[in-house]
Amino acid sequence: MPTELSDAGDAERPAAGPGEAEAQIPPGHGAMRVFDRVVGELSADECLRFDVQLERQIARLQAEQLAMRARFAEHRPPLEGEPSERRFTEFAGEELAAELGVAPAVGSRRLQLAAEVCSRLPASLHAPV
(Lines give C-alpha, C1' and ligand atoms only; values in the text may rest on other atoms or scores of the structure.)
Protein backbone atom coordinates (compact mmCIF):
# COMPACT_ATOMS: atom_id res chain seq x y z
CA MET A 1 0.00 0.00 0.00
CA PRO A 2 1.38 3.48 -0.81
CA THR A 3 2.67 5.39 2.22
CA GLU A 4 0.22 8.26 1.80
CA LEU A 5 -2.71 5.82 2.09
CA SER A 6 -1.41 3.75 5.00
CA ASP A 7 -2.43 4.04 8.63
CA ALA A 8 1.19 4.80 9.59
CA GLY A 9 0.82 8.41 8.49
CA ASP A 10 -2.17 8.87 10.80
CA ALA A 11 -0.14 7.92 13.87
CA GLU A 12 2.31 10.74 13.19
CA ARG A 13 -0.39 13.32 12.58
CA PRO A 14 -1.31 15.43 15.65
CA ALA A 15 -4.88 15.39 16.94
CA ALA A 16 -7.25 17.85 15.30
CA GLY A 17 -7.33 21.24 16.95
CA PRO A 18 -10.36 23.47 17.46
CA GLY A 19 -12.19 23.99 14.19
CA GLU A 20 -10.17 21.30 12.41
CA ALA A 21 -12.64 18.50 13.18
CA GLU A 22 -15.29 20.12 10.98
CA ALA A 23 -12.77 20.35 8.14
CA GLN A 24 -12.22 16.56 8.28
CA ILE A 25 -15.91 15.84 7.61
CA PRO A 26 -16.41 15.16 3.90
CA PRO A 27 -18.29 18.04 2.30
CA GLY A 28 -21.99 17.46 2.03
CA HIS A 29 -23.21 15.03 4.65
CA GLY A 30 -21.63 16.56 7.75
CA ALA A 31 -23.44 19.86 7.36
CA MET A 32 -26.83 18.29 6.68
CA ARG A 33 -29.49 18.47 9.36
CA VAL A 34 -31.60 15.52 10.48
CA PHE A 35 -34.30 16.01 13.11
CA ASP A 36 -32.93 19.52 13.71
CA ARG A 37 -29.47 18.17 14.46
CA VAL A 38 -26.28 18.64 12.45
CA VAL A 39 -25.20 15.24 11.13
CA GLY A 40 -21.52 15.99 11.71
CA GLU A 41 -22.21 16.45 15.43
CA LEU A 42 -24.07 13.16 15.99
CA SER A 43 -22.63 10.32 18.05
CA ALA A 44 -22.68 6.77 16.70
CA ASP A 45 -25.65 5.92 18.93
CA GLU A 46 -27.55 8.97 17.71
CA CYS A 47 -26.81 8.04 14.09
CA LEU A 48 -28.32 4.60 14.63
CA ARG A 49 -31.35 5.94 16.51
CA PHE A 50 -32.04 8.58 13.88
CA ASP A 51 -31.51 6.05 11.09
CA VAL A 52 -34.25 3.86 12.56
CA GLN A 53 -36.55 6.89 12.82
CA LEU A 54 -35.85 7.81 9.21
CA GLU A 55 -36.48 4.23 8.07
CA ARG A 56 -39.88 4.32 9.76
CA GLN A 57 -40.75 7.64 8.15
CA ILE A 58 -39.70 6.33 4.74
CA ALA A 59 -41.87 3.22 5.21
CA ARG A 60 -44.87 5.41 6.08
CA LEU A 61 -44.25 7.62 3.06
CA GLN A 62 -43.96 4.58 0.80
CA ALA A 63 -47.28 3.25 2.11
CA GLU A 64 -48.87 6.63 1.42
CA GLN A 65 -47.36 6.61 -2.06
CA LEU A 66 -48.77 3.15 -2.78
CA ALA A 67 -52.22 4.26 -1.61
CA MET A 68 -52.03 7.41 -3.76
CA ARG A 69 -50.97 5.45 -6.84
CA ALA A 70 -53.67 2.84 -6.32
CA ARG A 71 -56.26 5.60 -6.06
CA PHE A 72 -54.91 7.22 -9.24
CA ALA A 73 -55.23 3.86 -11.00
CA GLU A 74 -58.88 3.68 -9.88
CA HIS A 75 -59.45 7.01 -11.65
CA ARG A 76 -58.09 5.45 -14.85
CA PRO A 77 -60.10 2.22 -15.34
CA PRO A 78 -59.34 -0.03 -18.30
CA LEU A 79 -60.82 1.13 -21.57
CA GLU A 80 -63.22 -1.02 -23.52
CA GLY A 81 -61.26 -3.72 -25.31
CA GLU A 82 -58.28 -3.66 -22.91
CA PRO A 83 -57.48 -6.88 -21.04
CA SER A 84 -59.90 -7.42 -18.15
CA GLU A 85 -57.12 -8.46 -15.74
CA ARG A 86 -55.55 -5.02 -16.01
CA ARG A 87 -56.70 -2.71 -13.22
CA PHE A 88 -56.15 0.54 -15.13
CA THR A 89 -55.83 1.84 -18.66
CA GLU A 90 -52.47 1.40 -20.32
CA PHE A 91 -52.16 5.18 -20.54
CA ALA A 92 -52.20 5.63 -16.75
CA GLY A 93 -48.69 4.25 -16.48
CA GLU A 94 -47.57 6.66 -19.17
CA GLU A 95 -49.13 9.57 -17.28
CA LEU A 96 -47.29 8.65 -14.11
CA ALA A 97 -44.07 8.05 -16.02
CA ALA A 98 -44.25 11.48 -17.65
CA GLU A 99 -44.70 13.16 -14.28
CA LEU A 100 -41.87 11.21 -12.65
CA GLY A 101 -39.53 11.43 -15.62
CA VAL A 102 -39.18 7.66 -15.98
CA ALA A 103 -39.86 5.19 -18.78
CA PRO A 104 -43.53 4.31 -19.47
CA ALA A 105 -42.89 0.69 -18.50
CA VAL A 106 -41.59 1.85 -15.11
CA GLY A 107 -44.71 3.95 -14.56
CA SER A 108 -46.93 1.00 -15.39
CA ARG A 109 -45.01 -1.34 -13.09
CA ARG A 110 -45.27 1.13 -10.22
CA LEU A 111 -49.02 1.49 -10.71
CA GLN A 112 -49.41 -2.29 -10.97
CA LEU A 113 -47.49 -2.79 -7.73
CA ALA A 114 -49.62 -0.20 -5.94
CA ALA A 115 -52.86 -1.70 -7.21
CA GLU A 116 -51.77 -5.22 -6.22
CA VAL A 117 -50.57 -4.29 -2.74
CA CYS A 118 -53.63 -2.19 -1.96
CA SER A 119 -56.10 -4.81 -3.18
CA ARG A 120 -54.39 -8.00 -2.04
CA LEU A 121 -52.57 -6.84 1.11
CA PRO A 122 -54.44 -3.76 2.35
CA ALA A 123 -53.42 -4.28 5.99
CA SER A 124 -49.77 -3.95 4.99
CA LEU A 125 -50.32 -0.23 4.42
CA HIS A 126 -51.19 0.18 8.09
CA ALA A 127 -48.62 -2.18 9.56
CA PRO A 128 -46.69 -0.74 12.50
CA VAL A 129 -43.14 0.23 11.69
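Residues numbered from 1 in each chain as written. Predicted model: local features only at pLDDT ≥ 70, side-chain atom pairs only at ≥ 80, totals over all residues. Heavy atoms only, no water.

With that out of the way, let us pick up the environment of Leu-54. Take Leu-54: it is sitting in helix H3 (residues 44-75). Separated by 20 residues in sequence, Leu-54 and Val-34 have C-alpha atoms that sit 8.9 Å apart. Those residues in contact with Leu-54 that sit more than four places away from it in its chain are Val-34 and Phe-35. (Helix = DSSP H or I, 4+ residues; strand = E, 2+ residues; numbered from the N terminus. Contact = heavy atoms within 4.5 Å.)

Per-residue pLDDT for the protein chain averages 81, and the proportion of residues at 70 or more is 78%. Per-element confidence in the protein chain is highest for helix H4 (residues 90-100), whose mean pLDDT is 95, and lowest for helix H1 (residues 8-12), whose mean pLDDT is 45. Throughout residues 1-11 the model reports pLDDT below 50, and contacts reaching past four residues in sequence, or to other chains, amount to one contact. (pLDDT = per-residue confidence, 0-100.)

Another point: the packing of H3 against helix H5 (residues 104-120). Each pair of packed helices can be summarised by the angle the axes make with each other and by the distance between the axes. At their nearest, the axes of H3 and H5 sit 8 Å apart, and the two run at 100° to each other. Viewed along their axes, H3 and H5 adopt a mutual orientation that is roughly perpendicular. When H3 is examined against H5, the residues Leu-66, Ala-67, Arg-69, Ala-70, Phe-72 and Ala-73 are found in contact with a partner set consisting of Arg-110, Leu-111, Leu-113, Ala-114, Ala-115, Val-117 and Cys-118. When its residues are assigned to classes, the contact of H3 with H5 shows eleven nonpolar, no polar and two charged. (Axes fitted to C-alpha atoms, helices over the stretch in contact; angles between N-to-C directions. Parallel < 35°, antiparallel > 145°, perpendicular 65-115°, else oblique. Nonpolar A, V, L, I, M, F, W, Y, C, P; charged D, E, K, R; others polar.)

Moving on, we get to the packing of H4 against H5. Axis separation between H4 and H5 bottoms out at 7 Å; the angle between their running directions is 110°. Comparing the axis directions of H4 and H5 gives the class roughly perpendicular. Between H4 and H5 lies a crossing of right-handed hand. When H4 is examined against H5, the residues Glu-90, Ala-92, Gly-93, Glu-94, Leu-96, Ala-97 and Leu-100 are found in contact with a partner set consisting of Pro-104, Gly-107, Ser-108, Arg-110 and Leu-111. Here the contact of H4 with H5 is composed, by residue class, of six nonpolar, three polar and three charged. (Left-handed = near helix turned anticlockwise from the far one by under 90°.)

This paragraph deals with the pattern of salt bridges. Under the defined criterion, the tally for this structure stands at five salt bridges. The partner of Arg-37 in a salt bridge is Glu-46, with the nearest N and O atoms 2.9 Å apart. On the basis of relative accessible area, Arg-37 is assigned to the partly exposed category, the value being 28%. The partner of Glu-116 in a salt bridge is Arg-87, and the shortest N-O contact between them spans 3.3 Å. One end of the pair, Glu-116, is in helix H5; the other, Arg-87, is in the loop between H3 and H4, with 29 residues separating them in the sequence. A relative accessible area of 23% places Glu-116 in the partly exposed class. Residue Arg-87 is classed as partly exposed on the basis of its relative accessible area, which comes to 35%. (Salt bridge = Lys/Arg side-chain N within 4 Å of Asp/Glu carboxyl O. Buried < 20%, exposed > 50% of the residue type's maximum accessible area, 1.4 Å probe, protein only.)

For the rest of this paragraph, the subject is the environment of His-29. With respect to the helices, strands and loops of the structure, His-29 is situated in the loop between helix H2 (20-24) and strand S1 (33-34). Looking at His-29, the relative accessible area reads 41%, which means it is partly exposed. As a C-alpha pair, His-29 and Val-39 span ten residues in sequence and 6.8 Å in three-dimensional space.

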